[in-house]
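As a plain string of letters, each chain reads:
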Amino acid sequence: MYILTKEGERYLEDGLPEVRLIKEILSGKTSMKELQRLPYFTIGFMWAKKNGWITVSDGEIKVEAKARSAKPELEAALAELSKGNEVGLKLIDTMLSRKLIEERREIPALNEKEILQLTPEIIKSGAWEKVPFKKYDVSLRTPDIYYGRKHILRMALDKVSRILIEMGFKEMEGPIADAEFFVYDCLFTPQDHPARTQWDQFSLAKPKMIKALPDGVVAKVKAAHENGGDTGSKGWGYKWDREVARRMVLRGHTTSVTVHYLMEHRKPPNRFFSIDKVFRNDSIDRTHLLEFYQIEGWVMDDGLTVRDLMGTFGEFYRKLGINDVRFKPTFNPYTEPSFEIYGKHPKLGRWLEIGNSGMFREEMLKPFGIEARVMAWGLALERTLMLLYNYDDIRNLHGTLCDLDSLREAPTIWEY
Ligand code: PHE
């Protein structure tokens, strides 16, 4: 049985704050400043926003069409409950969590002949054979219990790494903070490339610079940038600066980890992957966060072609249950040809970029002493998850704005 709390009683009388707020706005008050004077503004605003009833821009509040037609079902539920009528469980939960109602347990009259608590004496004496036990009331509601569980992103990560291991890949590990040399220079990315600015990457204050760079490779990378060295290329034609290459940054892609591994595994065949955090100075929106997980991978073999690359992706995504993928030619300083990979979002209906890939250029491989062909890619784990589970806002998945309720209720469907 549920009864209204003081707050619940008050709302029953005056209306819910969010409903009152909507009425005020619809009657012409739209300036945030003015509305803020209403005594119920804070609570009303919070719930109206949460319900998706309003949007705010330039200090003006706009009521969404959804709210104009919405029946304030919570108000109706309060009224029903106050009359002693039944109300749906979802509404009960909402009202309980907003403390508009509380549970009133009916305490049954104690019948002395009924045993409430089983004790050793009752068993030993044999009394249990004769007396009736109090029956369980299985219709009583129990509190929801949220036990510890794996985050859906972690489940996806485990699943993806399992698939890649099945496909013969070994896992790589590398530093989160690294010198620009490994993040960009080794990837034949010129030092004036826009990705290498404060607008795109996070620099480290301490240490600002890496102590040592691998000298043998440095000379070759420098030559590749300046005039192509012995890579058969003309290079970028500028003066390469070692100090720029020494700057420490948070890696903007895990291709820096690939670089470390390529230097150590120069002879084919090789297959490596990693699923790890990368950091970018992006603007946050429904498909972007400042940090995300990248699924990085590369295959080294003689005679690899773009067909192998596409075939590998086809297999990988099929194993994940994504059949609709498309490739779009793009440019990366370190791959040629290069392809963006798109998957179709079932709810948003649009093609979402889920990764980037290509065949590493000679300008990049030759300085490491690699003669074989290498195909490589970087995919976003979160975007892949959005496609698979219909998430339409990456911010609900992780970060400070994540939606705890939906994370708690996320299905456990990944086998791993
Ligand atoms: N580093 C690229 C990115 O972050 C992904 C990529 C990796 C592309 C390897 C090609 C080859 O988008």
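Note that the coordinates shown come from a computational prediction; the quantities given were computed from them, not determined experimentally. (Residues numbered from 1 in each chain as written. Predicted model: local features only at pLDDT ≥ 70, side-chain atom pairs only at ≥ 80, totals over all residues. Heavy atoms only, no water.)

Attention shifts here to the overall build of the chain. Looking only at helices and strands, the chain features 17 helices and 13 strands. Over its C-alpha atoms the chain spans a radius of gyration of 30 Å, topping by over 25% the 22 Å that the globule rule assigns to 416 residues. When the backbone C-alpha atoms are referred to their principal axes, the chain occupies close to 95 × 70 × 45 Å. Burial status across the chain gives 42% buried among its 416 residues. In the chain, the share of contacts with a sequence separation of at least 24, taken over all contacts with a separation of at least 6, comes to 67%. When the accessible surface of the chain is summed, it comes to about 23700 Å², and 52% of that surface belongs to carbon and sulfur atoms. (Helix = DSSP H or I, 4+ residues; strand = E, 2+ residues; numbered from the N terminus. Rg over C-alpha atoms; globule rule 2.2 N^0.38 Å. Buried < 20%, exposed > 50% of the residue type's maximum accessible area, 1.4 Å probe, protein only. Contact = heavy atoms within 4.5 Å. Areas by Shrake-Rupley, 256 points an atom, 1.4 Å probe, with all protein chains shown as cover.)

Interface size is often expressed as the accessible area that is lost when the parts come together. As far as domains go, the chain holds domain 1 (2-101) and domain 2 (152-177 + 250-409). Relative to domain 2, the C-alpha centre of domain 1 lies at a distance of 44 Å. (Domains from an automatic or database assignment.)

This structure, assessed with the given rule, holds 19 salt bridges. Between R361 and E363 there is a salt bridge, with the nearest N and O atoms lying 3.1 Å from each other. Its relative accessible area of 21% is what places R361 among the partly exposed residues. Close ionic contact of E362 with K366 constitutes a salt bridge, the shortest N to O distance being 3.3 Å. (Salt bridge = Lys/Arg side-chain N within 4 Å of Asp/Glu carboxyl O.)

Before going further, it helps to examine the sheet that holds strand β10 (residues 325-332). Pairing is mixed across the open sheet formed by seven strands, whose spatial order is β5-β8-β9-β13-β12-β11-β10. Edge positions in the open sheet fall to β5 (170-171) and β10, since each of these has one partner strand only. Two strands pair when backbone bridges link them, and strand β9 (residues 291-301) and strand β13 (residues 373-380) are joined in this way by eight bridges, in the antiparallel orientation. By the bridge assignment, V299 is partnered in β13 with M375. Contacting β8 (270-279) and β9, helix α9 (residues 152-166) crosses the sheet at an angle of about 165 degrees to β8. (Pairing = 2+ DSSP bridges. Axes fitted to C-alpha atoms, helices over the stretch in contact; angles between N-to-C directions.)

This brings us to the packing of helix α2 (residues 17-26) against helix α4 (residues 41-50). Between α2 and α4, whose axes approach to 7 Å, the crossing angle comes to 90 degrees. As far as their axial angle goes, α4 and α2 are roughly perpendicular. In this structure, α2 contributes P17, E18 and L21 to the contact, and α4 contributes F41, I43, G44, F45, W47 and A48. (Parallel < 35°, antiparallel > 145°, perpendicular 65-115°, else oblique.)

Here we take up the packing of aromatic side chains. By the definition in use, this model includes 13 aromatic pairs. Geometrically, the ring pair formed by F327 and F339 is edge-to-face, given 6.2 Å between the ring centres and 85 degrees between the ring planes. In this pair, F327 is assigned in strand β10 and F339 in strand β11 (residues 335-344), connecting sequence segments 12 residues apart. Here the aromatic cluster, defined as three or more aromatic residues joined through ring pairs, consists of F169, F313, F316, Y317, F327, F339 and W377. (Phe/Tyr/Trp six-rings, centres within 6.5 Å; stacked < 30°, edge-to-face > 60°.)

The next subject is the site of the ligand. Every one of the 14 residues lining the ligand counts as a neighbour, but H253, T255, R280, Q294 and Y334 are closest to it. Here a nitrogen atom of the ligand sits 2.8 Å away from a polar atom, N or O, in the side chain of T255. Separating an oxygen atom of the ligand from a side-chain N or O atom of R280 is a distance of 2.7 Å. For the shell around the ligand, the secondary structure elements donating two or more residues are β9, β12 (351-360) and β13. (Near = heavy atom within 4 Å. Polar contact = N/O pair within 3.5 Å; in protein donor to acceptor, adjacent residues only side chain to side chain.)

What follows concerns the environment of R246. Residue position: R246 is located in helix α12 (residues 242-246). When near neighbours in sequence (up to four residues on either side) are disregarded, R246 contacts A179, K208, M209, I210, K211 and L213.

Taken together, the side chains of L118, I123, W128 and F133 present a nonpolar region at the surface, about 390 Å² in accessible area. By the secondary structure assignment, I123 is in helix α8 (residues 120-125). Exposure remark for I123: the relative accessible area of 46% places this residue in the partly exposed category. (Patch = residues over 30% accessible without salt bridge, like charges linked within 9 Å, V, L, I, M, F, W, Y side chains within 5 Å.)

Time to look at unusual backbone geometry. Look at the link from K206 to P207: it is a cis peptide, with omega at -10 degrees. For P207, the location among the structural elements is in the loop between α10 (180-183) and α11 (215-226). Geometrically, the link from P268 to P269 is a cis peptide bond, its omega value of -5 degrees lying close to zero. One non-glycine residue with positive phi stands out, namely D58, at about 50 degrees. Along the polypeptide, D58 turns up in the loop between β2 (54-57) and β3 (60-63). Residue D58 is classed as exposed on the basis of its relative accessible area, which comes to 79%. Within the chain, F188 stands out as a residue other than glycine whose phi angle is a positive 50 degrees. On the secondary structure map, F188 appears in the loop between α10 and α11. Note on F188: relative accessible area 4%, which makes it buried.

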